[in-house]
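Letter by letter, the chains look like this.
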Amino acid sequence: MAFAQQRIVAECTVVYKVESQDAPDASMRQKATKTVYIKSNNARIDLVAPAYSQTTIYNKTTSTATILRSFGEDKYMTPLSLTQWRKVNASLDSVQMQITGDSISILDYTCKKAVLQLKDETQVIVYFTSAIIPSVREYEYLFKDIPGFVLGYEMKDAAGKKTVFRATQINLYNPV
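From a predicted model like this one, the values you see are computed outputs, not experimental measurements.

Visitor: Mind showing me how you'd approach the nonpolar core here?
Guide: Side chains that are nonpolar tend, in soluble globular proteins, to be buried together. Counting residues in each nonpolar core, the largest one holds 43 residues, and the members touching the most others are Val126, Tyr139, Phe143 and Phe149. If you list the elements that add at least two residues to this core, you get strand S2 (11–20), strand S3 (31–39), strand S4 (42–48), strand S6 (64–71), strand S9 (109–117), strand S10 (123–129), strand S12 (149–156) and strand S13 (162–171). Other than its neighbours up to four places away in sequence, Tyr139 contacts Val36, Ile38, Ala43, Ile45, Tyr58, Trp85 and Phe149.

Visitor: Whenever I open this one, the pairing of strand S5 (residues 53–59) confuses me. Can you help?
Guide: Each regular strand carries side chains that alternate between the two faces of the sheet. One ladder, built from seven bridges, connects S4 with S5; its direction is antiparallel. Residue pairing across strands places Val48 opposite Ser53, the latter belonging to S5. What sits between S4 and S5 in their antiparallel hairpin is a turn of four residues. Bridge count for S5 against S6 is seven bridges, and the pairing is antiparallel. When the bridges of S6 are listed, Thr56 appears paired with Ile67. In textbook terms, the turn of a hairpin is the stretch between consecutive antiparallel strands, and for S5 and S6 this stretch comprises four residues, one of which, Ser63, has a positive phi near 55°.

Scoring rules and cut-offs
Residues numbered from 1 in each chain as written. Predicted model: local features only at pLDDT ≥ 70, side-chain atom pairs only at ≥ 80, totals over all residues. Heavy atoms only, no water. Core = buried A, V, L, I, M, F, W, Y, C linked by side-chain atoms within 4.5 Å. Buried < 20%, exposed > 50% of the residue type's maximum accessible area, 1.4 Å probe, protein only. Helix = DSSP H or I, 4+ residues; strand = E, 2+ residues; numbered from the N terminus. Contact = heavy atoms within 4.5 Å. Pairing = 2+ DSSP bridges.

Taken by themselves, the reported measurements are silent on function.
Shown next, in the form of structure tokens:
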């Protein structure tokens, strides 16, 4: 039996391309980027779209988060204590996960496919590599129980609009 070596990553940057898939043609797809920074027990997620931006800063040591949002000239800051963070994410505590036998390659990592079933019947398709494990998992609360690093996922909103997130860059070697 061969065992793949897992590496816990305490410092990295991952950039994702975010695209709405249900637009009539490619020119109308909303394009955004998501960048995840992990350093020790802290994580930062920047989501930048044409109409808005959002930054979530998560501290694993205190289990607290701060969310910064910007809509044009309007800017908002929401600090979340441990209790508030858990309350905001309570609907994600009973996610059912099924790892399938399917896999794809993202950035030269073999990624297993998992189907997440949320309480509201929403399904999220996740592609993760078990070769690397983030030192901070709760920053992306939906993926806290995934046994690896999520490099891609797909989800549909309540209106049925599909959004795809795919890692386009990963940097494990330069300090954050």
